[in-house]
Each structure stands twice: as structure tokens, then as C-alpha cells.
Amino acid sequence: MKLVTNKHTGRKVLINKLRDSRENDFLGHEEGNKCPFCPGENEEKANFTINENEEWQVKAIDNKYPALVTNIEEYQKNNCDYGKHEVLIETREHLRNFYDFNQHEFENIIKMYKNRYIELDKDENVKYTIIYKNHLKSAGASKIHSHSQILSMSFIPPEIKREINTLKTDSLWGDKRIITENESFELFLPEDSFLSGEMIIENRNSGRFNDINDEEIKDLAKSFKEVFDKINKVYGTIPFNIYLHSLPKTIRSPKFKWHIHVIPRKGKFGGFELGTGLYINSLDLDEMYNKFCKR
Ligand SMILES: [Zn+2]
Ligand SMILES: [Zn+2]
């Protein structure tokens with residue numbers, strides 16, 4: 001498990017030979033297989049829970065198929081990359097998801113994000129930590145039960161380096177259309193987004209997610225509720241990805257504010273995207289803005 005640079009393309013690649021054995025809910029043999037995220041499964045293994053009425057509401061467990069080497073001794077003696085990888089289970093209910101959650105459920109999810117982020121990121125061997133979510137198969141999920149993932153890394157990944165470098169000379173976002181805002185966050189559509197329909201929820205106060213306070217947790221829950229209600233009304237309950245970008249602990253950049261990318265997955269990638277490294281953004285921003293703001 002190691003970050004390497006591909007000699008042919010110069011791209012960074014994370015080599016991990018074990019992850020192919022992951023079980024997949026979407027292969028058609030779901031019936032009869034117990035969901036590992038439902039109540040009653042893996043109950044003894046929780047790294048974190050929020051309990052109400054003596055039942056967990058959200059729960060963090062180790063990822064059975066970690067992306068990196070999780071053992072610190074192995075990392076120190078071998079030529080490999082290190083990190084912790086957890087699954088963040090967002091509900092007790094097998095089919096409840098981001099399109100159904102209420103304000104309180106989102107607040108519990110964000111509190112779990114905060115706890116696990118601070119815990120994984122404080123490890124001195126860790127240079128970067130990311131929280132991300134894949135919803136449904138075509139967005140990369142292997143389990144239908146609503147969950148996010150958190151991965152800490154012994155290196156800073158290329159995408160975050162690129163964002164920080166952009167900020168040295170330019171602003172991170174070009175033209176943007178603000179859909180909604182509150183005290184702590186701005187929710188907007190960037191004009192030149194990488195993928196059609198991408199939305200950004202950007203914090204106003206800090207570069208680092210570790211700093212999120214109780215007020216901001218409430219405001220972010222409000223923003224999540226709003227954005228997923230809007231996506232549901234415009235596109236239906238489609239697959240999506242989210243990922244959280246926060247400043248690495250070793251880097252100072254006053255202009256950088258932590259933010260969440262929300263990407264409704266309307267289209268699929270094909271040969272053009274793979275062959276050119278370009279994604280076609282077919283977004284008509286005016287049309288999109290009208291759709292989102294009229295609802
Ligand atoms: Zn389940
Ligand atoms: Zn970003």
C-alpha cells in the first residue's frame with residue numbers, strides 16, 4: 001500500500017492489492033447476506049457512537065478493507081504508506097439516507113465527522129485526513145446502508161496540493177452563483193466546476209474542519225438539509241459524492257476555508273474523460289441556478 005508516481009503519465013497512484021476482495025451489495029446477492037452496518041452486527045467494534053434511548057444513532061468502525069497500512073510498526077520498517085480508515089455509519093435504518101435525514105440526524109452525523117476527524121488527524125504520522133461519501137453504486141458505493149468514510153494519510157494528496165497552490169496566485173473559485181447562505185456557510189454553484197452540477201458548501205470562518213463549533217454544526221446540518229432537498233426536487237434521489245477539504249496541519253493559508261464538495265452524479269465517465277483527463281461540464285448555469293433557487 002503505497003503512493004507511487006506512474007512513469008508513463010506522471011500521475012500519482014495508490015497501489016493496494018487487497019481491496020478487490022471487497023463484498024459488494026450491488027452484485028445481486030444481497031438477499032440472505034447480513035448487512036454489516038445494521039444494528040446487531042459489529043456491535044463490539046465501535047470506535048465512536050452517539051447513543052439515544054440506549055441505542056446508537058451513528059457509529060464509527062474500522063474499515064474491513066483499509067486503503068493504507070494501518071499498523072505503525074509496519075509503516076516504520078517498510079517502504080509503504082500509512083493511514084487509518086474508518087466507516088462512519090450514519091443511521092440505524094438500512095435504507096434511510098441523506099435524502100430523508102432531518103436536522104437532528106444531520107447534526108449527529110456532523111458530530112461524528114468532527115470526533116473522528118480530530119482523533120485521526122492528531123496522529124503525528126498523519127499529514128492529511130479526508131472525509132468522503134459515495135451514495136449508490138454508480139457513485140462508487142459498495143454498500144447501500146448510508147455511510148461515509150474517513151481516511152488519514154501519511155502524505156498530502158495531489159488534489160489538495162493543487163487547491164492550495166491555486167490559492168497562492170488566484171482565488172479558489174471563479175464566478176459563483178450563491179444558492180443559499182447562513183451565518184457560517186455559503187452554498188454555491190461554481191461556474192467552472194470540474195463536474196456538471198457540483199455544489200460547494202464553504203465555511204466562512206476557518207481553514208481547518210477541526211475548529212467546527214456547535215453553532216456551525218447546526219448551520220451545516222441546515223445546509224445539508226437544504227442542498228439534498230433541492231437535489232431531490234430537481235433530479236430525484238440520484239447517486240452523489242461528497243468530500244470534505246480542510247487545510248493540512250502543516251500548511252498555513254489564510255485564504256483557504258474548509259469546504260465540502262457535493263457532486264450529484266448525473267453522467268458517467270468514459271473513454272474521452274480517461275483519455276484526456278478532462279471532464280465535460282455541460283452545465284447551463286442560468287438554468288441550473290433557476291432550478292435550484294425557485295424550489
Ligand atoms: Zn444495513
Ligand atoms: Zn476543495
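Residues numbered from 1 in each chain as written. Chains lettered and ligands numbered in written order. Predicted model: local features only at pLDDT ≥ 70, side-chain atom pairs only at ≥ 80, totals over all residues. Heavy atoms only, no water.

Asker: Give me the coordination of the zinc ion (ligand 2): which residues, what numbers.
Answerer: For the zinc ion (ligand 2), the full set of protein donor atoms is Glu 163 (OE), Glu 163 (OE), His 245 (ND1), His 259 (NE2) and His 261 (NE2), at a range of 2.0 to 2.5 Å. Donor residues for the zinc ion (ligand 2), ordered by position in the chain, follow E-x81-H-x13-H-x1-H. Taken together, the residues His 245 in strand β11 (residues 240-245) and His 261 in strand β12 (residues 259-264) connect sequence positions 16 residues apart. Using a relative accessible area of 3% as the deciding quantity, one classes His 245 as buried. (Donors = N, O, S within 2.8 Å, 3.2 Å for Na, K, Ca; no water. Helix = DSSP H or I, 4+ residues; strand = E, 2+ residues; numbered from the N terminus. Buried < 20%, exposed > 50% of the residue type's maximum accessible area, 1.4 Å probe, protein only.)

Asker: How would you sum up the pattern of salt bridges? Please name residues and give values.
Answerer: On inspection of all chains with the given rule, the structure shows 14 salt bridges. A salt bridge links Lys 59 to Glu 43; the shortest N-O distance between them is 3.0 Å. In this pair, Lys 59 sits in strand β4 (residues 55-62) while Glu 43 sits in the loop between β2 (12-15) and β3 (48-52), placing the two residues 16 residues apart along the sequence. Looking at Lys 59, the relative accessible area reads 1%, which means it is buried. By relative accessible area, which is 33% here, Glu 43 ends up partly exposed. Note that Glu 55 and Arg 92 form a salt bridge whose closest N and O atoms lie 3.6 Å from each other. Remark: Arg 92 occurs in the loop between β5 (85-89) and α2 (103-121) and Glu 55 occurs in strand β4; sequence separation between them is 37 residues. Classification of Glu 55 as partly exposed rests on a relative accessible area of 38%. What you see here is one network of salt bridges that share partners, running through Lys 176, Glu 181, Glu 186 and Arg 204. (Salt bridge = Lys/Arg side-chain N within 4 Å of Asp/Glu carboxyl O.)

Asker: Describe the coordination of the zinc ion (ligand 1), listing the residues and the values that go with them.
Answerer: Under perfect tetrahedral coordination by four donors, a metal shows angles of 109.5 degrees; under perfect octahedral coordination by six donors, it shows angles of 90 or 180 degrees. Protein coordination at the zinc ion (ligand 1) comes from Cys 35 (SG), Cys 38 (SG), His 94 (ND1) and His 145 (ND1), with a distance range of 2.1 to 2.3 Å. Under the relative-accessibility criterion, His 94 is labelled partly exposed at 23%.

Asker: So what's going on with the packing of aromatic side chains? Residues and values would help.
Answerer: Tallied over the entire structure, the rule returns 16 aromatic pairs. Here the aromatic rings of Trp 173 and Phe 188 are separated by 5.5 Å at their centres, their planes lie at 70 degrees, and the arrangement is edge-to-face. On the criterion of sequence distance, the pair formed by Trp 173 in the loop between α3 (158-169) and β8 (176-181) and Phe 188 in strand β9 (residues 185-190) is long-range, its members being 15 residues apart. Overall, Phe 188 belongs to the buried group, its relative accessible area being 0%. Among the aromatic residues, those joined into a cluster by ring pairs are Phe 98, Tyr 99, Phe 101, Phe 106, Phe 224, Phe 228 and Phe 240. When the ring centre of Trp 56 is taken as reference, the NZ or CZ atom of Arg 92 above it lies at 5.2 Å. Residue placement shows Arg 177 over the ring face of Tyr 289; its charged tip is 6.0 Å from the ring centre. (Phe/Tyr/Trp six-rings, centres within 6.5 Å; stacked < 30°, edge-to-face > 60°. Lys NZ or Arg CZ within 6 Å of the ring centre and 35° of its normal.)

Asker: I'd like to hear about a nonpolar patch on the surface, residue by residue, with values.
Answerer: Taken together, the side chains of Phe 272, Leu 278 and Ile 280 present a nonpolar region at the surface, about 310 Å² in accessible area. In this fold, Ile 280 is placed in the loop between α5 (271-276) and α6 (285-294). The exposure class of Ile 280 is exposed, given its relative accessible area of 56%. (Patch = residues over 30% accessible without salt bridge, like charges linked within 9 Å, V, L, I, M, F, W, Y side chains within 5 Å. Areas by Shrake-Rupley, 256 points an atom, 1.4 Å probe, with all protein chains shown as cover.)

Asker: Account for the side chain of Glu 186, with residues named and values stated.
Answerer: Checked against the element boundaries, Glu 186 lands in strand β9. Those residues in contact with Glu 186 that lie beyond four places of it in its chain are Lys 176, Ile 178, Thr 180, Glu 181, Ile 200, Ile 201, Glu 202 and Arg 204. (Contact = heavy atoms within 4.5 Å.)

Asker: Report on the sheet that holds strand β10 (residues 199-203), specifying residues and quantitative values.
Answerer: Reading across from one edge, β3-β4-β5-β7-β6-β11-β12-β10-β9-β8 is the order of the ten strands in this open sheet, with antiparallel pairing throughout. A strand with exactly one partner marks an edge of an open sheet, and here the two such strands are β3 and β8. Neighbour-to-neighbour, the strand axes of the sheet open up by a mean angle of 20 degrees, direction not taken into account. With five bridges joining them, strand β6 (residues 128-135) and strand β7 (residues 147-153) adopt antiparallel strand pairing. (Pairing = 2+ DSSP bridges. Axes fitted to C-alpha atoms, helices over the stretch in contact; angles between N-to-C directions.)

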